[in-house]
Amino acid sequence: MSADIAPAAPSGASPEVFHELGQLTRQLHDALDKLGVSSRLAASAESLSDARGRLRYIERKTGEAADKVLTAVELAKQDGAAITAAASRLAAIGDEAGLDETKALAGLLHAHAARLDEKLTEIMLAQDFHDLTGQVVARVVALAIDLEDSLVKLLVRAAPAEPGQRGTDAALAGPVIEPAGRSDSVKDQGEVDELLASLGF
Amino acid sequence: MDLRSTEDAVNPPAQLKFLVVDDFATMRRIVRGLLREIGWTDVDEAEDGAVALHMLRNGKYDFVVSDVNMPNMTGFELLKAIRGDASLKHLPVLMVTAEARKEDILLAAQTGASGYVVKPFTKATLEEKVQRILQKLAAPA
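(A) Looking closely at the overall build of chain B. Within chain B, the secondary structure is distributed over 5 helices and 5 strands. In chain B, the succession of helices and strands from N to C terminus is β-α-β-α-β-α-β-α-β-α. Looking at chain B as a whole, 40% of its 141 residues are labelled buried.

Right, dumping it as structure tokens:
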């Protein structure tokens, strides 16, 4: 252990300091082992990785939702513009034929289309939540990466990782965050239906 | 249209070419949508400062709307690069960002930002800031 810590060319530090540091590291290693901290550290590191995945899932899903809304708003605005154009034509026709009621109706359509457009703009702007929350999520993900990195480093010093040992999964896992490469989950409704059909449901 | 040699660029909305810079596609789409509603339909997008700078050096743009916090090259770095480039230094740059700290706003002003809008913002705010910048540019020096 101490060999890992001693730098190649220490400047101004005495060898005793590094020897002392090496001993402290050894003691930390033994203490962590005795307390059974290693396995808990491993579990924490894994939880952090899982938490990062879940945050990215939130980021992706909110992004997709905002995207869908923006597309719908753009299409609805086109419809609104068509209503406005039709109302203008109706107003002109009413004007030519001297039909006051038609003109009034056209004016009403105009006013409603304008209000609709205003509300659609509000809906469009409200999608900025994705940018704002996404920035916060990115910061938390960066923090989780730092923490995970530190934990893994501590873990490597305390004890070698034991592959193949995983904690028991929670009773309910929630949405699948990374469906690719997973055989224990379905990735869409088609697979749900297939699975149920294969079981005779 | 070259703003630097034109004084009647403001009313009605002239056909200016915008570059919207933001790492979030949602926000680029919102800003593009708002600019279109105001009357500017010629809008390109870049996902960070580095991409934006490349586009600015290889195309003709009249106005930049940029986020601040972006990977690769931040909005402040982009702004600095624009102001340090002889062919781009007069380009209007409006910062649109969630960074609301006073020191950031001051830094933007010192670096040469033409305006600063804090997210979340309204259509009226964006329009007012863009118009104000254009009016200043169009006014005789």
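(B) Expanded view of the interface of chain B and chain A. Contact with chain B, which involves 13 residues of that partner, is made by 15 residues of chain A. No other element matches helix H1 (residues 25-38) of chain B, which puts 6 residues into the side of chain B that touches chain A. Its residues assigned to classes, the side of chain B that touches chain A comprises 5 nonpolar, 4 polar and 4 charged.

(C) Main features of the confidence of the model for chain A. All names here are of chain A. For chain A, mean pLDDT is 81; residues scoring 70 or higher make up 77% of the total. Least confident of the elements in chain A is helix H1 (residues 2-5), whose mean pLDDT is 46; most confident is helix H4 (residues 100-126), at 96. In the predicted structure, residues 1-7 sits below a pLDDT of 50 and forms 13 contacts with residues beyond four places in sequence or in another chain. Low pLDDT, under 50, characterises residues 163-170; the predicted model gives this stretch 1 contact beyond four residues in sequence or across chains.

(D) Highlighting the packing of helix H3 (residues 37-97) of chain A against H4(A). Residue and element names in this part refer to chain A. Packing of H3 against H4 leaves a shortest axis separation of 8 Å and a crossing angle of 165°. By the angle between their directions, the pair H3 and H4 is classed as roughly antiparallel. At the point where H3 passes H4, the crossing takes the left-handed sense. Taken together, the residues that form the contact of H3 with H4 break down as 17 nonpolar, 6 polar and 4 charged.

(E) Here's a closer look at the confidence of the model for chain B. All names here are of chain B. On average, residues of chain B score 89 in pLDDT, and 89% of them reach the 70 mark or higher. This model gives residues 1-10 a pLDDT under 50, and the stretch forms 19 contacts once residues within four places in sequence are excluded. Overall fold confidence (pTM) sits at 0.72, and the ipTM for the predicted complex is 0.77.

(F) Fine view of the environment of B:Leu78. Residues and elements named next belong to chain B. By secondary structure assignment, the location of Leu-78 is in helix H3 (residues 75-83). For Leu-78, a count of 28 C-beta atoms within 10 Å corresponds to the buried category. In sequence terms Leu-78 and Val-51 are 27 residues apart; their C-alpha atoms lie 9.7 Å from each other. With residues up to four places along the chain from it excluded, the contact list for Leu-78 reads Val-21, Gly-49, Ala-52, Leu-53, Ser-66 and Met-73.

(G) Broad picture of the sheet that holds strand E4 (residues 93-97) of chain B. All names here are of chain B. Overall, parallel pairing links the 5 strands, which are arranged E2-E1-E3-E4-E5 in an open sheet. Among the strands making up the open sheet, the edge pair consists of strand E2 (43-46) and strand E5 (115-118). Strand-to-strand twist in this sheet, taken as the mean axis angle between neighbours without regard to direction, amounts to 20°. Helix-sheet contacts for helix H5 (residues 123-138) involve E4 and E5, and the interaxial angle to E5 is about 175°.

(H) A look at helix H2 (residues 49-58) of chain B. Residues and elements named next belong to chain B. Looking at H2, one finds that the buried residues are Gly-49, Ala-52 and Leu-56. Each buried residue of H2 lies within a common arc of 60° when the element is viewed along its axis, so the set occupies one face. For H2, the exposed residues set more than 90 degrees away from the buried face come down to His-54, Arg-57 and Asn-58. Looking at the buried positions of H2, the neighbouring elements they touch are strand E1 (18-21), E2, strand E3 (63-66) and H3.

(I) Highlighting H4(A). In this model, H4(A) (27 residues) spans 39 Å end to end at C-alpha, consistent with the 39 Å of a helix rising 1.5 Å per residue. Of all the residues in H4(A), the buried ones are A:Ala106, A:Leu120, A:Met124 and A:Leu125. Looking at the packing, one finds that the buried side of H4(A) touches H3 of chain A together with H1 and H5 of chain B.

(J) Representation of the packing of H3(A) against H1(B) within the structure. Axis separation between H3(A) and H1(B) bottoms out at 10 Å; the angle between their running directions is 20°. With respect to their mutual orientation, H3(A) and H1(B) come out roughly parallel. Considering how the two elements wind past one another, H3(A) and H1(B) form a crossing that is left-handed. Taken together, the residues of H1(B) that come into contact with H3(A) (itself represented by A:Gly63, A:Ala66, A:Asp67, A:Leu70 and A:Glu74) are B:Thr26, B:Arg29 and B:Gly33. Looking at the contact of H3(A) with H1(B), its residues break down into 2 nonpolar, 3 polar and 3 charged.

(K) Up close: unusual backbone geometry. Residue and element names in this part refer to chain B. The omega torsion across Lys-119 and Pro-120 is -5°, close enough to zero to call that bond cis. Within the secondary structure, Pro-120 sits in the loop between E5 and H5. The phi dihedral of Asn-72 is positive, around 65°, even though this residue is not glycine. With respect to the secondary-structure elements, Asn-72 resides in the loop between E3 and H3.

(L) Structural view of the nonpolar core. Residues and elements named next belong to chain B. Core analysis: the biggest nonpolar cluster contains 41 residues, and Phe-18, Leu-19, Val-21, Val-31, Val-65 and Val-93 have the highest contact counts within it. No other element matches the 5 residues that H1 contributes to this core. Ignoring anything within four residues of it in the chain, the contact list for Val-31 reads Val-20, Val-65 and Val-96.

The rules behind the values
- Position numbers for residues count from 1 along each chain, tracking the sequence in the order it is written.
- In the order they appear in the text, chains get letters beginning with A and ligands get numbers beginning with 1.
- Two thresholds apply to this predicted model, a pLDDT of at least 70 for residue-level local features and 80 or more for giving and counting side-chain atom pairs, whereas whole-chain, interface and lining totals are computed over all residues.
- Only runs of H or I of at least four residues qualify as helices and only runs of E of at least two qualify as strands under DSSP, and these elements are numbered from the N terminus.
- With C-beta atoms placed from the backbone, a residue counts as buried when 20 or more other C-beta atoms lie within 10 Å of its own, as exposed when 12 or fewer do, and as partly exposed for counts between those limits.
- We call two residues in contact if the C-beta atoms placed from their backbones are at most 7 Å apart.
- Three residue categories are used. Nonpolar comprises Ala, Val, Leu, Ile, Met, Phe, Trp, Tyr, Cys and Pro, charged comprises Asp, Glu, Lys and Arg, and polar comprises the others, including Gly.
- The predictor's confidence in any single residue is recorded as pLDDT, a number from 0 to 100.
- Lines are fitted to the C-alpha atoms to define the axes, a helix being fitted only along its stretch in contact, and any angle between axes, read from their N-to-C directions, falls within 0 to 180 degrees.
- When an angle is under 35 degrees it counts as roughly parallel; over 145 it counts as roughly antiparallel; between 65 and 115 it counts as roughly perpendicular; any other value is oblique.
- Take the far helix as the reference: if the near one is turned anticlockwise from it by less than a right angle, the crossing is left-handed, and if turned clockwise, right-handed.
- Strand pairing requires that DSSP identify at least two bridges connecting the strands.
- Each direction from the helix axis to a C-beta atom contributes to the arc, which is the arc of those directions.
- Expected span, for any helix, means 1.5 Å times one less than how many residues it has.
- The nonpolar core criterion groups buried Ala, Val, Leu, Ile, Met, Phe, Trp, Tyr and Cys residues into a set whenever they are joined through C-beta atoms within 7 Å.

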